[in-house]
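# Coordinate analysis (summary)
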Amino acid sequence: MPLNKPSKSAKTAKSTKTTFYCTACGNEQPRWFGHCPACQAWNTASEAPPSGGAAQAGRTAGGRRWVPQGGARPQGPVPLAEVTLESTERTGTGMRELDRVLGGGIVPGSLLLVGGDPGIGKSTLLLQLARSFAASGRKVLYVSGEESEQQIRLRAARLGDVPENLLLFCETDLETVLETASQVQPDCLIADSIQTLSRADLEGGPGTVTQVRECGLALLHYAKASRTPVFLVGHVTKDGAVAGPRVLEHMVDAVLYLEGERYQHYRVLRAAKNRFGSTHELGVFEMLESGLREVANPSEAFLSDGAREVPGVAVVASLEGARPLLVEVQALVSTSFYGTPQRVTSGYDPRRLAVLLAVLERRVGLRLGKHDVFVTVTGGFKLDDPGADLGVALAIASSFRSRPVLPRTLALGEVSLSGELRRVPRLDARLREAAQMGFVRAGFPRAQSADAEGAGLELEPLATLKEGCERLLGAKVEMPRPEPAAPRHDVRPSERFVTAVPAARGAGDASLDAGGEEMSEDDA
């Protein structure tokens, strides 16, 4: 008996078998997975049929490329030597700190992504950029998918006058945004945010992996074809990364992060990626009621106004790109009342703190195993420079020994596991910044004595961390002693037992007598 052939309905059912794809990176798998093998993310699997999945949507959308009216794609490869460098000059934004992070200004046709925590000031920063850009006579198109026209107008009123060249467009459909941009032909396009834009020909709502990737790709094509700089606002996850597929950060030209503590008024702008400049530069802003104000002297901002001649306070010079910043580090060492001492940091790497504590105990002789150690960096600044090791270690030793660091002293040097001090880059620039801020003394690695000459400071070349603790710490300061505990009358266990038994017996007899009287009254 011949076998029956599978029907067309069976083939259709087999072809419509669902697949799973990762919402973080777009990786597609035929079966459900808890751990993505591509990006190593957990619990990011989403179910979708192949016809509407991430891969098929990408193929459908990828075949269509947006081209401005009157423009055409290049038909083939072009010799690199024949490519002209006309109109590649950077355009200043009017904001000195932002230009520093971007490498000197905006490159025509660049695509830039700005991320940060909610409420940190991303929209305020880009609205100030739009005002400054439009005030210079350029046309700016500000596209908002999260706020209404009235809300943005209220925020713009706090920033100052609104130029006429600043155009506002509240829309979430990407095709409408691109068509409007091709008609307006702005000199700068700002989209707030990329997670609110979507394309009607793609499945899934705004913010999904497919929508974010394809909308970012379309804006990339627009920026390169029209040579218009495009700024994108990106939401971040609870881990601090930009929400959406990782490919979005790969396709843009620069990724900027606006950082800062929510209860601090300073904001730091960093570049995690920059194809046209350094990623070590940073810009410092101060959040005010009238918007973000550029900080002309960041070193003064990160130094506290209080007296520094107290135990546990040291000043270090952190190198951020080409700019040295003076930052104050505070440490507190106290006796631990728990089995495991606490190691708490704010703005400093806790693993690096553990290394410094081990070096202090082994090479300097400080017994910190039964003490709690707290380290904080003032101003909400995050200290990553290894050259700040000496300052952090001095602050801890100063608090432990109750010996303040010598007044107006700067500490520089990377601490090795052997307790020796290693070289730090650009020592001369750090010392010059300290001299301008009124410092009179500097401790640094002895191997860089030649580089420190002519800085105008009293130089203290040091070979080891132990030598630095001996030469840079002042006289011991008498700290207030804790209040004595309430008086306690200790009684020996034998005496406590002897005095407790007769008292218990007397109390028992009295209760029996009282109980008997009560019973007799009840009976009566």
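Values in this document were obtained by computation on a predicted structure and should not be read as measured data. (Residues numbered from 1 in each chain as written. Predicted model: local features only at pLDDT ≥ 70, side-chain atom pairs only at ≥ 80, totals over all residues. Heavy atoms only, no water.)

### A closer look at the overall build of the chain
Within the chain, the regular secondary structure consists of 14 helices and 21 strands. Per-residue burial over the chain gives 44% buried out of 524 residues. Long-range pairs, those at least 24 residues apart, make up 66% of the contacts in the chain with a sequence separation of at least 6. Just so you have it, the chain exposes about 27,900 Å², and 52% of that area is on carbon and sulfur atoms. (Helix = DSSP H or I, 4+ residues; strand = E, 2+ residues; numbered from the N terminus. Buried < 20%, exposed > 50% of the residue type's maximum accessible area, 1.4 Å probe, protein only. Contact = heavy atoms within 4.5 Å. Areas by Shrake-Rupley, 256 points an atom, 1.4 Å probe, with all protein chains shown as cover.)

### Observations regarding empty space enclosed by the protein
One pass over the structure, following the stated rule, counts one cavity of 30 Å³ or more. Space inside the largest cavity adds up to approximately 40 Å³. Leu-102, Gly-105, Ile-106, Val-107, Ser-110, Leu-112, Ala-254, Asn-274 and Phe-276 are the residues that line the largest cavity. The class makeup of the residues in the lining of the largest cavity is six nonpolar, three polar and no charged. (1 Å grid on protein atoms, 1.4 Å probe; cavity = no way out; pocket = protein on both sides within 12 Å on 5 of 7 lines; lining within 4 Å. Points joined across faces, edges and corners; volume = space filled by probe spheres on them. Nonpolar A, V, L, I, M, F, W, Y, C, P; charged D, E, K, R; others polar.)

### A few points about the nonpolar core
Considering soluble globular proteins, one finds that nonpolar side chains tend to be buried as a cluster. Core analysis: the largest hydrophobic core is formed by 45 residues, its most contacted members being Val-375, Leu-383, Ile-396 and Leu-465. When residues of this core are assigned to their parent elements, the largest contribution, seven residues, is made by helix α11 (residues 389–401). Setting aside chain neighbours within four positions, we find Val-375 in contact with Val-329, Gln-330, Ala-331, Val-344, Thr-345, Ser-346, Tyr-348, Leu-353, Val-392 and Ile-396. Within the second largest apolar cluster, 32 residues are counted, among which are Met-95, Phe-133, Ile-190 and Phe-285. (Core = buried A, V, L, I, M, F, W, Y, C linked by side-chain atoms within 4.5 Å.)

### Structural notes on the sheet that holds strand β10 (residues 266–274)
Judged by pairing direction, the sheet is mixed, and its nine strands sit side by side in the order β6-β5-β7-β8-β4-β9-β10-β11-β12 without closing on themselves. Single-partner strands in this sheet number two, and they are β6 (166–170) and β12 (291–294). Mean inter-strand twist for the sheet, computed between neighbouring axes without regard to direction, equals 25°. The sheet contact formed by strand β4 (residues 111–116) and strand β8 (residues 230–234) spans five bridges and is parallel. Residue pairing in the sheet places Val-114 in a bridge with Val-233 of β8. The sheet contacts of helix α4 (residues 122–135) involve β4, β5 (140–144), β6, β7 (188–192), β8, β9 (254–259), β10, β11 (282–288) and β12, and relative to β5 the element is tilted by about 160°. Packing against the sheet, helix α6 (residues 174–184) makes contact with β5 and β6, and its axis sits at approximately 160° to β6. (Pairing = 2+ DSSP bridges. Axes fitted to C-alpha atoms, helices over the stretch in contact; angles between N-to-C directions.)

### A few points about the environment of Arg-362
If you trace the backbone, Arg-362 turns up in helix α10 (residues 350–364). Residue class for Arg-362 comes out exposed when judged on its relative accessible area of 69%. Sequence separation between Arg-362 and Ser-418 is 56 residues, and the spatial gap between their C-alpha atoms is 9.0 Å.

### Section: the layout of surface pockets
Considered as a void within the structure, the largest pocket measures approximately 650 Å³ in volume. Where the lining of the largest pocket is concerned, the elements lending two or more residues are β14 (323–335), β15 (343–346), β16 (371–377) and α11. Element by element, the count of residues in the lining of the largest pocket is highest for β14, at six residues. Per-class residue counts for the lining of the largest pocket are 14 nonpolar, 10 polar and three charged.

### Details of α4
Here α4 contains 14 residues, and its C-alpha end-to-end distance of 20 Å stays within 8% of the 20 Å for a straight helix at 1.5 Å per residue. Counting buried residues in α4 gives 12 out of 14 residues, a clear majority hidden from the surface. If you check which residues of α4 are buried, you get Lys-122, Ser-123, Thr-124, Leu-125, Leu-126, Leu-127, Gln-128, Leu-129, Ala-130, Arg-131, Phe-133 and Ala-134. Looking one or two residues beyond α4, the residue adopting positive phi is Gly-137, at roughly 95°. (Expected span 1.5 Å × (residues − 1).)

### What about the pattern of salt bridges?
Across all of its chains, the model carries 22 salt bridges by this definition. Among the salt bridges present, the one from Glu-97 reaches Arg-96, with a minimum N-O distance of 3.8 Å. You can call Arg-96 partly exposed: its relative accessible area is 45%. Via salt bridges that share partners, Arg-446, Glu-460, Glu-467 and Arg-471 belong to a single interconnected network. (Salt bridge = Lys/Arg side-chain N within 4 Å of Asp/Glu carboxyl O.)

### Some details on the environment of Val-405
With respect to the helices and strands, the residue Val-405 is situated in the loop between α11 and β17 (409–411). When the C-alpha positions of Val-405 and Arg-471 are compared, they lie 9.3 Å apart, and in sequence the two are 66 residues distant. If we skip the residues at most four places from it in the chain, Val-405 touches Val-313, Ala-314, Ser-398, Leu-472 and Leu-473.

### Structural notes on the packing of α10 against α11
In contact at an axis separation of 10 Å, α10 and α11 are set at 60° when each is read in the N-to-C sense. As far as their axial angle goes, α11 and α10 are oblique. Considering the relative orientation of α10 and α11, their crossing is right-handed. Residues Arg-352, Leu-353, Leu-356, Leu-357, Leu-360 and Val-364 of α10 lie in contact with α11, whose contacting residues are Asp-389, Val-392, Ala-393, Ile-396 and Arg-401. Looking at side-chain class alone, the contact of α10 with α11 contains eight nonpolar, no polar and three charged residues. (Parallel < 35°, antiparallel > 145°, perpendicular 65-115°, else oblique. Left-handed = near helix turned anticlockwise from the far one by under 90°.)

### Some details on the confidence of the model for the chain
Of all residues in the chain, 81% have pLDDT values of 70 or greater, and the mean over the chain is 83. Contacts of residues 8–15 to residues separated by more than four positions or lying in other chains number two contacts, the stretch itself having pLDDT below 50. A low-confidence stretch, residues 510–524 (pLDDT under 50), is modelled with zero contacts involving residues beyond four sequence positions or located in other chains. (pLDDT = per-residue confidence, 0-100.)

### Considering a nonpolar patch on the surface
Together, Val-78, Leu-80 and Val-83 give the surface a local cluster of nonpolar side chains, amounting to about 320 Å² of exposed area. Take Leu-80: it is sitting in the loop between α2 (54–62) and α3 (96–102). Residue Leu-80 is classed as exposed on the basis of its relative accessible area, which comes to 74%. (Patch = residues over 30% accessible without salt bridge, like charges linked within 9 Å, V, L, I, M, F, W, Y side chains within 5 Å.)

### Here we look at helix α5 (residues 149–159)
All of the buried residues along α5 are Ile-152, Arg-155, Ala-156 and Leu-159. Seen from one end, α5 has its buried residues packed into an arc of 100°, which puts them on one side. Residues Gln-150 and Leu-154 are exposed on α5 and point more than 90 degrees away from its buried face. Contacts made by the buried residues of α5 are with α4, β5, β6 and β12. Just downstream of α5 lies Gly-160, where phi reads positive at about 130°. (Arc of directions from axis to C-beta.)

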